[in-house]
Amino acid sequence: MSTTHKSIAAPLAGCFALTIFLGAFLLFQIQPLISKAILPWYGGTPNVWTTCMLFFQSLLFAGYAYAHYTTRWLPPRGQGILHIALVTVALLMPVLPAAHWKPDAAAQPTWHIFWLLTAHVGLPFFVLASTSPLIQYWWNRAFPHGSPYKLYALSNTGSLMALLSYPFLVEPWLPLSSQAVSWTAAFLVFAALVLACGSSSWWTRRQPPPLPPRGANPTGPAAAAMQRFLWVALAAVGALILLATTNHISHDIAVVPLLWVLPLSLYLLTFIFCFAGCYPRWTSISIMLILTTYILLDQLGTVTWVAEQLGTEVTGISGVPESYLAALLTYLLTMTVCCMVCHGEMVRLKPPPRGLTSYYLHIGFGGALGGLAVAVGGPLLLNGHYELQIGMILCWLLLLVVLYLDPASARYASRSVWACLISSALFGAFACGMFFDILKPTPGRVASARSFYGVLAVNEEYVDDEDLHHFELVHGLIVHGKQYTHPDKRRWATTYYGPLSGAGLAMEWTADRPARRIG
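Every chain begins its residue count from 1, and numbering advances along the sequence as written. Totals for whole chains, interfaces and linings use every residue, but because this is a predicted model, local features are given only for residues with pLDDT of at least 70 and side-chain atom pairs only at 80 or more, for both listing and counting. The basis for the side-chain values is all heavy atoms of the structure; hydrogens and waters are excluded.

> Any chance you could explain the overall build of the chain here in plain terms?
Here a helix means four or more residues in a row that DSSP labels H or I, a strand means two or more in a row labelled E, and each is numbered from the N terminus. A tally of helices and strands in the chain yields 17 helices and four strands. Looking at the 519 residues of the chain, the share that counts as buried comes to 50%. We call two residues contacting when some pair of their heavy atoms lies within 4.5 Å. Of all intrachain contacts in the chain linking residues separated by at least 6 positions in sequence, the fraction that spans at least 24 positions is 74%. With the model as given, the accessible surface of the chain reaches about 24700 Å², and the carbon-plus-sulfur share is 68%. For every residue, the accessible area obtained with a 1.4 Å probe (protein chains only) is divided by the maximum for its type, and the residue is called buried under 20%, exposed over 50%, and partly exposed between those limits. Here the open area of atoms and residues is found with the Shrake-Rupley method and a 1.4 Å probe, where only the protein chains shown may cover a residue.

What follows is the structure, given as structure tokens:
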């Protein structure tokens, strides 16, 4: 490399890194911003965030596809010109939706949200999503002897910082309009950085093409197809478990605004650790065995019994939580373990740098499939929130497949045949227990239906007691309505409208007024 090129190398590498970081930061700032803006329009349901995540994952896949095919079909200068043009057009799009976008009662929420997001943040998000793989490809052309994959850890670090800063620094102090203006200003800085990176093509085109792939490659079409399948499957299961966990903690623990920041932050952390190379192979087997053992013991009631002896409260995946904090921690631990396994094995299967855009394309496709399964497939095909159990079973299966296909894993198996036998037995019992938990009837359940807004169920309680016999309308763990069957109690006001509720107290305090108007 000439002296001139050496003097350019450090600033160019810094420009690439800063562009990737800022692009990821803006990507994960626009997600909570637009989600918060439209959340009240759809009744505040957590499924708004799940649907937004499906949209974002779909556009992430589209952005990765754009990066993959432009690097195949266009020269570096053409890639830079096209990307700069798209960034310029994206600058002109309004971030916040106008009032006329508010849905009417007949609107189908999922598709209405899709159209709204496409019209306002579709192109900016698409441009930001494609930036990381595209800039990594440019970086690899400029520095063919290095590995660009650690830049993906930098990208996820920017995403994590954006996600954590929004609920604590941005949302409490800035109104939505100011948030939109600030984001647009930062996007303008990002556009300038993209211009600088794109303009560097005059230098990178003078460099020799990247070196041929180093290391072992899949031998034969079947092996290559299996590797691509595993990229998609591992990414899909990770995304499925993320969104399923978000649904669980939002419906079954507490419907708290921005609570979904916790699982998404942990999800990004697993990407950072794995792509930074901080995840040894034995960890996959060990943590899955520990998690499986814990859940099996919980299903058998052992964890609850031990907790009662110790005077503490512990909950599990399959039971009604005795402690909301314990339930939250259990769900988050389960998700983190599964995502570490999926992303750790996915990183282990990454190709040489020359194939990075294809690798990210398959990862993006898998993420979109996982989001589609939870946001669309779940409400259509399941009458309860069973995606987490299904995702955990799939995670175990994929881990066993990866270990079976990896020649190096034989040395782990040879050290302890008993470990493999125990893990297989645990997995079999675990899968049976999970499916039993999904299929077993709920005592007292009269009817159940799932829609965009969650699972609504009607339970019958105290069937043998004529005085206490009643029906309940339940959403998650929350009772939204109750009606007694006894003739003297059928018209009693209950739950939100009972004597000690806000409505009941308002009626009591205003009982002496001749004309009451209470809303």
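Don't stop here, the text continues.
> Explain helix α4 (residues 109-142) here, please?
Structurally, the α-helix is built with 3.6 residues per turn, so residues lying three or four positions apart point the same way. The terminal C-alpha atoms of α4, which comprises 34 residues, lie 46 Å apart, in line with the 50 Å expected from a rise of 1.5 Å per residue. Fitting one axis to the seven residues ending at a residue and another to the seven starting there, the bend at that residue is the angle between the two axes. The largest bend along α4 reaches roughly 70 degrees and is located at V121, with the proline P124 sitting one to four residues downstream. The element α4 is extensively covered by neighbouring structure, given that 29 of its 34 residues are classed as buried. Expected span of a helix: the number of residues minus one, times 1.5 Å.

> Help me understand the pattern of salt bridges in this model?
Should the charged atoms of two oppositely charged side chains come close, the side chains can pair. In what follows, salt bridge is the name for a side-chain nitrogen of Lys or Arg lying within 4 Å of a carboxyl oxygen of Asp or Glu. Applying the stated rule across the entire model yields two salt bridges. Between R348 and E345 there is a salt bridge, with its nearest N and O atoms 3.6 Å apart. Separated by three residues within a single helix, R348 and E345 lie in helix α12 (residues 324-348), roughly one turn from each other.

> I tried to follow the environment of R141 on my own but got confused; where do I start?
Within the secondary structure, R141 is located in helix α4. R141 sits 212 residues away from P353 along the chain, and the two C-alpha atoms are 9.8 Å apart.

> Before we go on, may I ask you to explain a nonpolar patch on the surface in this structure?
A contiguous nonpolar surface patch, about 510 Å² in accessible area, is contributed by M226, F229, V401, Y404 and L405. For the nonpolar patch, the elements supplying multiple residues, two or more each, are α8 (221-253) and α14 (387-405). For the nonpolar patch, the leading source of residues is α14, giving three residues. Examined against the element boundaries, V401 turns out to sit in helix α14. Residues forming no salt bridge and having over 30% relative accessible area are the ones grouped into patches, like charges within 9 Å of each other and nonpolar side chains (Val, Leu, Ile, Met, Phe, Trp, Tyr) within 5 Å.

> I would appreciate a short explanation of the side chain of E387 in the present structure.
Considering the arrangement of structural elements, one finds E387 in helix α14. Other than its neighbours up to four places away in sequence, E387 contacts L240, A244, V374, G378, L382 and R450.

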